[in-house]
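# Coordinate analysis (summary)
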Amino acid sequence: MAARRVVVFPSSAELGPVLAELVSSRAGKAIASRGRFTLGLSGGSLVSMLSKELPALPNLDCSKWVVGFCDERLVPSNDPESTYGLYKNQLFTKINIPETAILSIDSSLPVNECAEDYARKLKEVFPGNDKPVFDMLLLGMGPDGHTCSLFPGHPLLEETARIVAPISDSPKPPPQRVTMTLPVVNSARCVVFVSTGGSKAPVLKEVLEGREGPAFPAARVLPTEGELFWLIDGPAAADLTITVEKPGSGARL
Ligand SMILES: O=C1O[C@H](COP(=O)(O)O)[C@@H](O)[C@H](O)[C@H]1O
């Protein structure tokens, strides 16, 4: 397992550009060695940060990117809860990613079929691998310690056979979702959590420093061979006592 890097920024205004630079640098390396960059996006607060910061990078070329989703809510794409819909309106229109390279999740299908359909799409894009190996997954964490649509205490945390799973009882609305499972998340070459805001501080401490009782879903993200970054702002890091990196302005990871 690669070492975890916990990097704390004064605020999300300083964090955002470093995240964008990290995505761009890993994209460049992936394209140089494998001819493409496979990126998995999460929803929630990441959407607005990425939609602001990625298009602001000079000379960003996304023509060799393949983009999937770490999870999706089963709502129409014009619903404000649709992760795909938000990225489509806020990001995909501003970068040169080919439409065919966006692995959208067909939320018009019933939830079980939707998960199977997305798993099939991933297998097509990652032929020959028993699990998709994304170059980078961008993850968020809810104040309850969930990540993707993997919630504390839910049986899906133990899933080992499926690469994508349906969930019909999500404690956070909407209840129907599909999600990558932990074996896929932990197979990625680079996983980056972005966690901002004071509401995350208590759970972040338990995720990063340990707790009595079962580990939170976010704490179970430990890539087998890949890199693991936690990019955090000051308010979210308020309760931490572990040693963290505090990069200066203009830093690159
Ligand atoms: O419901 C979800 O929540 C998590 C965390 O979102 P955040 O707004 O607290 O960052 C998100 O990563 C996931 O994709 C989404 O479906």
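The rules behind each value
Counting restarts for each chain: residues are numbered from 1 in the order of the written sequence. With pLDDT at 70 or above as the cut-off, local features in this predicted model cover only qualifying residues; side-chain atom pairs require 80 or more to be listed or tallied, and sums for whole chains, interfaces and linings still use all residues. Hydrogens and water are ignored here; the side-chain numbers use all heavy atoms of the structure. UniProt positions are given in the numbering used here, feature names are shortened, and annotations may be inferred rather than shown by experiment. For Phe, Tyr and Trp, rings pair up if their centres lie within 6.5 Å, where Trp contributes its six-membered ring, and each pair is then called stacked (planes under 30 degrees apart), edge-to-face (over 60) or tilted (otherwise). Per the convention used, a helix needs a DSSP run of H or I reaching at least four residues, while a strand needs a run of E reaching at least two, with both numbered from the N terminus. For the exposure calls, accessible area comes from a 1.4 Å probe over protein chains only, and a residue counts as buried if that area is under 20% of its type's maximum, exposed if over 50%, partly exposed in between. Two conditions define a charge sitting above a ring: the NZ of Lys or the CZ of Arg must be within 6 Å of the ring centre, and it must be within 35 degrees of the ring normal. Nearness is defined per residue: one heavy atom within 4 Å of the molecule or strand is enough. Two N or O atoms count as a polar contact when they lie within 3.5 Å, although within protein this holds only if one can serve as hydrogen donor and the other as acceptor, and sequence-adjacent residues are included solely when both atoms are side-chain atoms. The accessible surface values rely on the Shrake-Rupley method and a 1.4 Å probe; as for residues, cover is taken only from the protein chains in view. When residues are sorted by character, Ala, Val, Leu, Ile, Met, Phe, Trp, Tyr, Cys and Pro go into the nonpolar class, Asp, Glu, Lys and Arg into the charged class, and all the rest, Gly among them, into the polar class.

- An unreviewed UniProt entry lists the chain under the name 6-phosphogluconolactonase, with Gadus morhua as the source organism.
- Turning to the chain, the UniProt record has this under Sequence similarities (unreviewed entry): "Belongs to the glucosamine/galactosamine-6-phosphate isomerase family. 6-phosphogluconolactonase subfamily."
- If you open the UniProt record of the chain and go to Function (unreviewed entry), you find "Hydrolysis of 6-phosphogluconolactone to 6-phosphogluconate."

## Some thoughts on the packing of aromatic side chains
- Counting across every chain of the model gives eight aromatic pairs.
- Measuring from ring centre to ring centre gives 6.2 Å for Phe69 and Tyr87, while their planes differ by 50°; the resulting arrangement is tilted. Of this pair, Phe69 sits in strand S3 (residues 65-69) while Tyr87 is found in helix H3 (residues 83-92), placing the two residues 18 residues apart along the sequence. Assigned by exposure class, Phe69 and Tyr87 land together as buried.
- If you follow Arg36 out to its NZ or CZ, it ends over the ring of Phe126, 5.2 Å from the centre.

## Describing the site of the ligand
- Taken together, 14 residues are adjacent to the ligand, and Gly43, Ser45, Asp71, Lys172 and Lys200 come closest.
- The separation between an oxygen atom of the ligand and a polar side-chain atom of Asp71 is 2.6 Å.
- Note that an oxygen atom of the ligand is positioned 3.2 Å from one of the side-chain N or O atoms of Arg177.
- Protein contacts shield 93% of the accessible area of the ligand, which totals 390 Å² for the unbound molecule.
- For the shell around the ligand, a count of residues per class yields two nonpolar, seven polar and five charged.

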